[in-house]
Amino acid sequence: MFRTALRNVLAHKARLLMTVLAVMLGVAFVSGTLVFTNTISNAYQNSSAKGFDQVDVAVQSDYQESKGNTVGKAPELTQALLDRSARTPGAASAIGVVSGFTAIADKDGKLIGGGFQSQGGNYWGDKDPRYPLVEGAAPSGADQVAIDSETADRAGYEVGDKIRISIDGPVLSPTVTGIFTTDDGNVAAGGSLALFDTATAQKLFGKTGTYDEIDVKAAAGTSQTALKAALDKSLPSDVVETTTGKELADDQAELISSQMSGLKQGLLVFAGIALFVGTFIIANTFTMLVAQRTKELALLRAVGASRRQVTRSVLIEAFVVGTVAGVTGLVAGVGIGAGLRSLMGTLGATVPDGPLIISGSTVATALAVGVLITMLAAWLPGRRAAKIPPVAAMSSVHAQATTKSLVLRNTLGALFAGAGVAVVLAATTMDGSDGQAPMGLGAVLLIIGVFILTPLLSRPLIAAAAPVLRIFGTAGKLARQNSVRNPRRTAATASALMIGLTLITGMTVMAGSLQKSIDKMASSAIRADYIVSMANGNELSTDVDRKLNATDGVTVTSPLRNAPSRIDGETEYLTGVNGAAIAELTKLKVDSGRFEVGGGRVVVDSDTAKSRGWTAGSTFTAHYEDGKAQKLTVSAVYEGNELISGIMVDNKGLTPHLTDPADMQVLVKTADGASDATKDRLEKALGTNPAIKVQSKQDLSDDIAQMFTLMLNMLYGLLAMAVIVAVLGVINTLAMSVFERSQEIGMLRAIGLDRKGVKRMVRLESLVISLFGGVLGIGLGVFFGWAAGELLGTKMATYELVLPWTRMGVFLLGAALVGVLAALWPARRAARLNMLSAIKAE
């Protein structure tokens, strides 16, 4: 039986080619994901580990948790603690570290490093061992800075150049006095690093006389563990905590690994979708092969082969196919992993240098996935083949499904589909996150149910296309009949395409609806003409609000200032606003009370009010970070949203209690409204700062639209693999169907159907099957998009369903194009059959 199985693989290698390709693509996606994420993770881990070479023990502030009415805070690392660290036995030296966000603009005024990886710090003394100078000298004074060599190369800066930088708002123009090299992981990832002398850095980052961290270097012969123990004895344990350099490197490696894990899991989900679609092709292929070899299998049964042996022979064939697909998929995946890394560089994302990582687990996973997926998909056709009685098989090439099996299948499909719809509908009535798991379960049940029912659905849906197919005469009529001749085969082929289009359509519906809802939220909740914020989401200097207020044409502004407080023994963040202007800058629906902020009166969003049992007129006491308390009165309860929510208090009463006040955003109202000229005037008032965004409501909407477009394009790209696999399935089904119907095609040719007619028949059959899958996929996608939207609507009052008719039309045309392209080779092959040879074929 083993030799028979191998012989069958070799005899049908052309027919198994598409199956190998389908599995290979899925395996390549999996192995490529593993190679890419392992390579990137290893490169970042090695790069970050180098950054701790100069740190044997790090002394950090021990954050004091909030207790009772006391707001938690981190004790300061003072110069005295630095001196004590340096005098500790076993310590060779100690360096005080100051760091913070520092944006550097290139010569065109654009932000280097995208903002999120733009960092600043202090250069220690005249020769900092952490940052070896390759050119120039150490910075000294407020008008000098040193920059990393990568940034200098990218921007074309040299020693002596003046550069434009920003810490939290105001633009500075220091002179570059030095260029240094660094093993900092952020720089290796494409970020920038600017260093000032220690006093300047402390002043710029609001840490005068204090440090963020103290890095201690061990003396010769002292281990990191011994030095840590000595520092623990020397320094106050209630103020600081110590960590060895090795522990820091290990923690950083674990953090990088966890961050890459999310990317890996996301990519593997899409790889799993492609493999799931591939199972339809595998099952279809082996079902058709078994049907074509029914007499052969019956003969084996007649000469003594057991049912188990017949099933095993099919599984051996599947094992060989899976092994070949696994090996070729692994090789292709290594290429994909290397290509993705190169692509990141091409797109401007810098990745630290490092080798391509092909781990043993990646190899094992690729082979296991290829073999297991293929064998699992082939098991049912093999089992079905073994159950055919030898006598029945000898007398009939095709064993028809019994009425009992069809009734059982349709009943089972109806139960699954009905249960899926019921669970999804029930989930839409639940609150937010509570409905996510039930909706996921319902979606799975519904997809399974529709798949089982697809043979039943194929007849009425394909029959609906009959009027159009009649236009094509005999070829159209034959195409329709061929499409429904074997409903199970048609169902498996169409379902592969259905899965991909369901996901694509559902995501498109959700993205379009969310974009519309956020646009509506911005226009309905904000009256301000502009929203000013840092490009990377960091806090703004309070100087920004003052400069905007002094700008011509600005009528009123309000900073949004976050501040921690303790209310009833719990931490609650307050939002400081300009109490006199906030009503003019926002348009929030008030549920109860009168919208007034100032003089001890605050407004509270409905969710917070509900959770704390507050109503208009309620009073509470807020304890601030300076230890002082204030009694506040709820003047109104408003409906919050994703843009504005929380407890709003007047900055006049809040700011005196803050150690270092800073703003998250500033709302701006102008006399002339939003216009290019007004925006330009505001940007110039802020020094044309690349680190600050000045956005109108339209700009905000455009940013959101761009984000959703990018997200959708990425999802389309990831789902493209599943669509490609589905195309292979259509090609494979048609090609094997042409082989199976060789005698029939020969007879049609003999009675007058010309080659063009044969081609047209196969193409129309492919088109009908693809459109059938497309209609099912788009229909399911719209349903899931609506259901997910209903769930989101419980958390987003402005949510409304938006059906992207144009895109859905494009998806349907795409399904039709898939059918046309998939039929090219099978139609050509059918038209070129020799009619006499075909008629004689069995």
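Check the entry above for the structure.
Below is a summary of the structure that appears in this document. Given the structure is predicted, the values throughout are model-derived calculations rather than measurements.

Further remarks concern the overall build of the protein chain. Per the secondary structure count, the protein chain includes 28 helices and 25 strands. If you line up the protein chain on its principal axes, its C-alpha atoms span 95 × 70 × 50 Å. For the protein chain, buried positions account for 49% of its 842 residues. Excluding contacts between residues fewer than 6 apart, the proportion of contacts in the protein chain whose partners are at least 24 apart in sequence is 82%. In the structure as shown, the protein chain presents an accessible area of about 38000 Å², 58% of it carried by carbon and sulfur atoms. Counting 77 positive and 71 negative side-chain charges, the protein chain places the centres of these two groups 20 Å from one another.

By convention here, two paired aromatic rings are described through the distance between centres and the angle between planes. Taken as a whole and assessed by the stated rule, the structure comprises 8 aromatic pairs. Look at F783 and F784: their rings are 5.8 Å apart centre to centre, the planes differ by 55 degrees, and that puts the pair in the tilted class. Linked through ring pairs, F783, F784 and W786 together constitute an aromatic cluster.

With that settled, the discussion passes to the sheet that holds strand β14 (residues 213-218). Pairing within the open sheet is antiparallel, and its 4 strands lie in the order β3-β14-β1-β15. Strands with a single pairing partner mark the edges of an open sheet, and in this sheet they are β3 (91-97) and β15 (240-244). Mean inter-strand twist for the sheet, computed between neighbouring axes without regard to direction, equals 20 degrees. Across 6 bridges, the pairing between β3 and β14 is antiparallel. The partner of S93 across the bridge, within β14, is K217. Across the sheet, helix α3 (residues 79-87) touches β1 (57-61), β3, β14 and β15, and the angle it forms with β3 is around 160 degrees. Against the sheet, helix α7 (residues 224-234) touches β1, β3, β14 and β15, its axis set at about 175 degrees to β15.

Turning to the side chain of S118, a few remarks are in order. With respect to the helices, strands and loops of the structure, S118 is situated in strand β6 (residues 118-123). The buried category is assigned to S118, whose relative accessible area is 0%. Polar contacts involving the side chain of S118 include one to the main-chain carbonyl oxygen of I112, which spans 3.0 Å.

Right, let's talk about the packing of helix α25 (residues 755-793) against helix α27 (residues 824-831) for a bit. Put simply, α25 and α27 touch, their axes get as near as 8 Å, and they point 145 degrees apart. Relative to α27, the crossing made by α25 is right-handed. Here α25 contributes R755, V758, K759, V762 and R763 to the contact with α27, which in turn contributes P826, A827, R828, A830 and A831. In terms of residue class, the contact of α25 with α27 is built from 6 nonpolar, no polar and 4 charged.

The two faces of the sheet receive side chains in turn, since in a regular strand these alternate between them. Along strand β25 (residues 692-696), 4 of the 5 residues are buried, which leaves the element largely enclosed by surrounding structure. In terms of strand pairing, strand β16 (residues 530-534) meets β25 through 5 bridges, oriented antiparallel. Looking at β25, one finds that Y530 is bridged to S696.

We now examine the pattern of salt bridges. Overall, the coordinates contain 15 salt bridges when judged by the stated rule. The partner of D250 in a salt bridge is K246, with the nearest N and O atoms 2.9 Å apart. Here D250 and its partner K246 are both found in helix α8 (residues 245-292), 4 residues apart, which amounts to about one turn of the helix. Here D699 ties to K679 by a salt bridge, and the two come within 2.9 Å at their closest N and O atoms.

As a further point, take the environment of L268. Position of L268 among the secondary structure elements: in helix α8. Take L268: its relative accessible area is 29%, and that puts it in the partly exposed class. Setting aside chain neighbours within four positions, we find L268 in contact with V30, T33 and L34.

The mixed open sheet is built from 6 strands, whose spatial order is β4-β6-β12-β8-β11-β7. Looking along the sheet, the strands with just one partner apiece sit at the ends: β4 (99-101) and β7 (133-136). On average, each strand axis in the sheet is inclined to that of its neighbour by 30 degrees, with strand direction left out of account. Pairing between strand β8 (residues 144-148) and strand β11 (residues 175-180): 5 bridges, direction parallel. The residue of β11 that forms the bridge with V145 is V176.

With that settled, the discussion passes to unusual backbone geometry. A negative phi holds for most residues other than glycine; trans holds for most peptide bonds. Of note, the phi angle at D568 is positive, near 55 degrees, even though the residue is not glycine. For T688, which is not glycine, the phi dihedral falls at a positive 45 degrees. The residue T688 is located in the loop between α22 (676-685) and β25 in this model. What makes T688 partly exposed here is its relative accessible area of 47%.

Relative to each other, helix α16 (residues 473-485) and α25 sit at 45 degrees, their axes nearing to 8 Å. One finds that α16 runs oblique with respect to α25. You can see that α16 and α25 cross each other, and the crossing is right-handed. For the pair formed by α16 and α25, the contact residues are A475, G476, L478, A479, N482 and S483 on the first element and G757, R760, M761, L764, E765, V768 and I769 on the second. Counted by class, the contact of α16 with α25 contains 7 nonpolar, 4 polar and 2 charged residues.

Take the nonpolar core next. Formed by 99 residues in total, the largest nonpolar core has its most connected members in F595 and M648. With 13 residues, the single largest contributor to this core is helix α17 (residues 487-525). Ignoring sequence-local partners within four residues, the contact set of M648 consists of T575, V577, I582, L588, F595, V597, V602, V603 and Y638. Grouped together as the second largest cluster of nonpolar side chains are 33 residues, L81, V176, A194 and Y211 included.

Okay, the pairing of β6 next. Counting buried residues in β6 gives 5 out of 6 residues, a clear majority hidden from the surface. As judged from the 3 bridges shared by β4 and β6, these two strands associate in the antiparallel manner. Counterpart to S99 in the pairing with β6 is G121. Sheet analysis places β6 next to strand β12 (residues 192-197), joined by 6 bridges and oriented parallel. The residue of β12 that forms the bridge with S118 is S192.

Next up on the list: α17. Taking 1.5 Å per residue, 39 residues should reach 57 Å; α17 reaches 54 Å between its end C-alpha atoms and fits that length. A maximum bend of about 30 degrees is found in α17 at S495. Of all 39 residues in α17, 28 are buried, a share of seventy percent or more.

With respect to the element layout, T242 can be found in strand β15. Accessibility expressed as a relative area gives 10% for T242, which makes it buried. Of the polar contacts made by the side chain of T242, one reaches the side chain of D232; its length is 2.5 Å. Dropping the residues within four chain positions of it, T242 is found in contact with V57, A58, V59, K228, L231 and D232.

Parameters at a glance
Residues numbered from 1 in each chain as written. Predicted model: local features only at pLDDT ≥ 70, side-chain atom pairs only at ≥ 80, totals over all residues. Heavy atoms only, no water. Helix = DSSP H or I, 4+ residues; strand = E, 2+ residues; numbered from the N terminus. Buried < 20%, exposed > 50% of the residue type's maximum accessible area, 1.4 Å probe, protein only. Contact = heavy atoms within 4.5 Å. Areas by Shrake-Rupley, 256 points an atom, 1.4 Å probe, with all protein chains shown as cover. Lys, Arg positive; Asp, Glu negative; His and termini not counted. Charge placed at Lys NZ, Arg CZ, Asp CG, Glu CD. Phe/Tyr/Trp six-rings, centres within 6.5 Å; stacked < 30°, edge-to-face > 60°. Pairing = 2+ DSSP bridges. Axes fitted to C-alpha atoms, helices over the stretch in contact; angles between N-to-C directions. Polar contact = N/O pair within 3.5 Å; in protein donor to acceptor, adjacent residues only side chain to side chain. Left-handed = near helix turned anticlockwise from the far one by under 90°. Nonpolar A, V, L, I, M, F, W, Y, C, P; charged D, E, K, R; others polar. Salt bridge = Lys/Arg side-chain N within 4 Å of Asp/Glu carboxyl O. Parallel < 35°, antiparallel > 145°, perpendicular 65-115°, else oblique. Core = buried A, V, L, I, M, F, W, Y, C linked by side-chain atoms within 4.5 Å. Expected span 1.5 Å × (residues − 1). Bend = angle between axes of the 7 residues up to and from the residue.

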